[in-house]
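Coordinates in review
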Amino acid sequence: MNLHRKVSADLTGRAGYNLLLRRKWLAMAALACLLAALVLVSLTTGSSGLTLGTVLETLLGGGTAQTRAIVCNVRLPRIAAAMAVGAALALSGCVMQGVLHNPLASASTLGVSQGAAFGAALAIIVLDAGTQNAANAASAVTIRSPGTVTVCAFLGGLATTAVVLGLARARRASPTTMILAGVALSSLFSGATTLLQYFADDVQTATVVYWTFGDLGRPGWREIGLIAAVTAAAFLYFLWNRWNYNALEGGVQTARSLGVRVDLLSYASMILCTLIAAISVAFVGTISFVGIIAPHMVRRFTGSDYRFLLPCSALGGGALLLLGDLVSRTVMSPAVLPIGAITSFLGAPVFLYIVFRREAL
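Basis of the calculations
Residues numbered from 1 in each chain as written. Predicted model: local features only at pLDDT ≥ 70, side-chain atom pairs only at ≥ 80, totals over all residues. Heavy atoms only, no water. Helix = DSSP H or I, 4+ residues; strand = E, 2+ residues; numbered from the N terminus. Contact = heavy atoms within 4.5 Å. Areas by Shrake-Rupley, 256 points an atom, 1.4 Å probe, with all protein chains shown as cover. 1 Å grid on protein atoms, 1.4 Å probe; cavity = no way out; pocket = protein on both sides within 12 Å on 5 of 7 lines; lining within 4 Å. Points joined across faces, edges and corners; volume = space filled by probe spheres on them. Nonpolar A, V, L, I, M, F, W, Y, C, P; charged D, E, K, R; others polar. Patch = residues over 30% accessible without salt bridge, like charges linked within 9 Å, V, L, I, M, F, W, Y side chains within 5 Å. Salt bridge = Lys/Arg side-chain N within 4 Å of Asp/Glu carboxyl O. Buried < 20%, exposed > 50% of the residue type's maximum accessible area, 1.4 Å probe, protein only. pLDDT = per-residue confidence, 0-100. Phe/Tyr/Trp six-rings, centres within 6.5 Å; stacked < 30°, edge-to-face > 60°. Axes fitted to C-alpha atoms, helices over the stretch in contact; angles between N-to-C directions. Parallel < 35°, antiparallel > 145°, perpendicular 65-115°, else oblique. Left-handed = near helix turned anticlockwise from the far one by under 90°. Core = buried A, V, L, I, M, F, W, Y, C linked by side-chain atoms within 4.5 Å. Expected span 1.5 Å × (residues − 1).

1. Details of the overall build of the chain
On a plain count of helices and strands, the chain comes out with 14 helices and two strands. For the chain, the share of sequence-separated contacts (at least 6 apart) that also reach a separation of at least 24 residues comes to 76%. Of the roughly 17,100 Å² of accessible surface on the chain, a fraction of 67% belongs to carbon and sulfur atoms.

2. Things to note about the environment of Leu 188
One can find Leu 188 in helix H6 (residues 175-199). In this structure the C-alpha to C-alpha distance between Leu 188 and Gly 115, which are 73 residues apart in sequence, comes to 8.7 Å.

3. Some points on the layout of surface pockets
Empty space within the largest pocket amounts to approximately 730 Å³. Every element with two or more residues in the lining of the largest pocket is listed here: helix H3 (65-100), helix H7 (202-213) and helix H13 (306-330). At seven residues, the largest contribution of residues to the lining of the largest pocket is made by H3. Taken together, the residues of the lining of the largest pocket break down into 15 nonpolar, twelve polar and four charged.

4. As for a nonpolar patch on the surface
On the surface, Leu 40, Leu 52, Leu 56 and Leu 59 cluster together to form a nonpolar patch covering roughly 310 Å² of accessible area. Sorting elements by how many residues they give to the nonpolar patch places helix H2 (residues 52-59) first, with three residues. Leu 40 gets classed as partly exposed once you look at its relative accessible area, which sits at 37%.

5. A short note on the confidence of the model for the chain
Per-residue confidence for the chain gives a mean pLDDT of 81; residues scoring 70 or more make up 87%. Confidence drops under a pLDDT of 50 for residues 135-139, and excluding neighbours within four residues, the segment shows two contacts in the predicted structure.

6. Concerning the packing of aromatic side chains
To describe a pair of aromatic rings, you give the distance between the ring centres and the angle between the ring planes. Evaluation of the coordinates by the stated rule reveals six aromatic pairs. Relative to Phe 189, the ring of Phe 118 has its centre 5.7 Å away and its plane inclined at 40°; by these criteria the two rings are tilted. Taken together, the positions of Phe 118 in helix H4 (residues 112-125) and Phe 189 in helix H6 put the pair 71 residues apart, joining distant regions of the chain. With relative accessibility at 12%, the residue Phe 189 sits in the buried group. Ring geometry for Tyr 245 and Tyr 306: centres 5.4 Å apart, planes at 40°, overall tilted. Within this pair, whereas Tyr 245 is found in helix H9 (residues 242-248), its partner Tyr 306 is found in helix H13, the two being separated by 61 residues in sequence. Residues Tyr 245 and Tyr 306 agree in their burial class; the two are buried.

7. A word on the packing of H3 against helix H8 (residues 221-240)
Each pair of packed helices can be summarised by the angle the axes make with each other and by the distance between the axes. Where H3 contacts H8, the two axes come as close as 9 Å, and the packing angle between them is 30°. Between H3 and H8, the crossing angle belongs to the class labelled roughly parallel. By crossing handedness, the relation of H3 to H8 is classed as left-handed. Where H3 approaches H8, its residues Cys 72, Leu 76, Pro 77, Ala 80, Ala 81, Ala 84, Val 85, Ala 87, Ala 88, Leu 91 and Val 95 are matched on the opposing element by Trp 221, Ile 224, Ile 227, Ala 228, Thr 231, Phe 235 and Phe 238. Grouping the amino acids of the contact of H3 with H8 by side-chain chemistry returns 17 nonpolar, one polar and no charged.

8. Considerations on empty space enclosed by the protein
Following the criterion strictly, the structure yields one cavity of 30 Å³ or more and no others. The calculated volume of the largest cavity comes to roughly 50 Å³. Taken together, Leu 89, Gly 93, Ser 106, Ala 107, Ser 108, Ser 113, Ile 287, Ser 288, Phe 289, Val 290 and Gly 291 make up the lining of the largest cavity. Listing elements by their share of the lining of the largest cavity, those giving two or more residues are H3 and helix H12 (290-302). Among the residues making up the lining of the largest cavity, the classes are represented as five nonpolar, six polar and no charged.

9. Some thoughts on the nonpolar core
Among the nonpolar cores identified, the biggest contains 75 residues, and Leu 100, Leu 110, Phe 238, Ile 287, Leu 310 and Leu 321 are the most heavily contacted of them. For this core, the element with the most residues is H3, which contributes 15 residues. The next biggest cluster of nonpolar side chains, apart from the first, holds eleven residues, and it includes Ala 117, Ala 120, Ala 153 and Phe 154.

10. Regarding the environment of Leu 40
Along the chain, the position of Leu 40 falls in helix H1 (residues 2-44). Sequence separation between Leu 40 and Ile 79 is 39 residues, and the spatial gap between their C-alpha atoms is 9.7 Å. For Leu 40, the residues in contact, after removing those within four places along its chain, are Leu 52 and Leu 56.

11. So, H12
With 13 residues, H12 extends 18 Å between its outermost C-alpha atoms, agreeing within 8% with the 18 Å of an ideal straight helix rising 1.5 Å per residue. Looking at H12, one finds that the buried residues are Val 290, Gly 291, Ile 292, Ile 293, Ala 294, Pro 295, Val 298, Arg 299 and Thr 302. Positive backbone phi, approximately 70°, marks Gly 303, located one or two places after H12.

12. Here's the deal with the pattern of salt bridges
Counted under the stated rule, the structure contains six salt bridges. Across the pair Glu 223 and Arg 222 runs a salt bridge whose closest N-O atoms are separated by 3.5 Å. Overall, Glu 223 belongs to the buried group, its relative accessible area being 14%. Of the residues examined, Arg 222 reaches a relative accessible area of 62% and is grouped as exposed. Between Asp 263 and Arg 256 there is a salt bridge, with its nearest N and O atoms 3.3 Å apart. With relative accessibility at 41%, the residue Arg 256 sits in the partly exposed group.

Here's what the structure looks like:
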């Protein structure tokens, strides 16, 4: 009788686990379908009034020269940039939250984005890596040396990450303290960026100000390819360590008892998170809160299982930024609002909800 009960309980538990897995796979498929739907909507949204049939015909090699220019040279790069940057910021936030055991951790709340923005501004003003493009008002910023801007943005973001990790290790800071340190560092780098603008000429100041607004239409295919390639490499590393992140959810001591090299994993993960966030900031400007919203949004369906949380966060980040881009292009059409402002409006209420929800718990 006891054996029969044990077998029945085992079968029931296995059935429940398989049902949970199916739900997570279904959530991932639903996010992929949502992303595909947003891509189609983005392709057909604009002042030119292209229909879905015309867009599909153009993508298949047909259409007029005008429709090909609109679809292939304007809308497709913008959509690809939104998906690549959204995935990068969401993955960065997802992994930072796990490594630091802090649900509010992201590139924007820890000051990484602001540090990267300072590095990029330093490259644009001091190293003359970018300037205003007077010949083309639609793309007011030209990055003459993408490598210089990216390296400077990465170093600025890395400086912030080093301070946060040093604080966490030396002082055993609480999650709340790390967020407060990130706020202080954000203010520090924002002030430094303002000082750079003060000593810059009018053209350089206008370039930096326009750059900080955030613009998904700014990067070309080369820059989008670089963001996508680095993000894909980081994603493969994160996915390779999915079981280590799952172990880390149980606490540092639990993870170490399971053979996880916690310090190495934490440092490598934070450096990669900084890299993909810094590259995104370097080419599209500062975009806040995507790294917080997307992981929390998908956790409701996948839980903290990084086998599903990582790919779903990437899909959710791409979908979220595409949605924000649609809002920015349609609210005051034909004018395009800064995508950074749109994501801040969307993200601030979610951030407050997370803070007060944690206080209630």
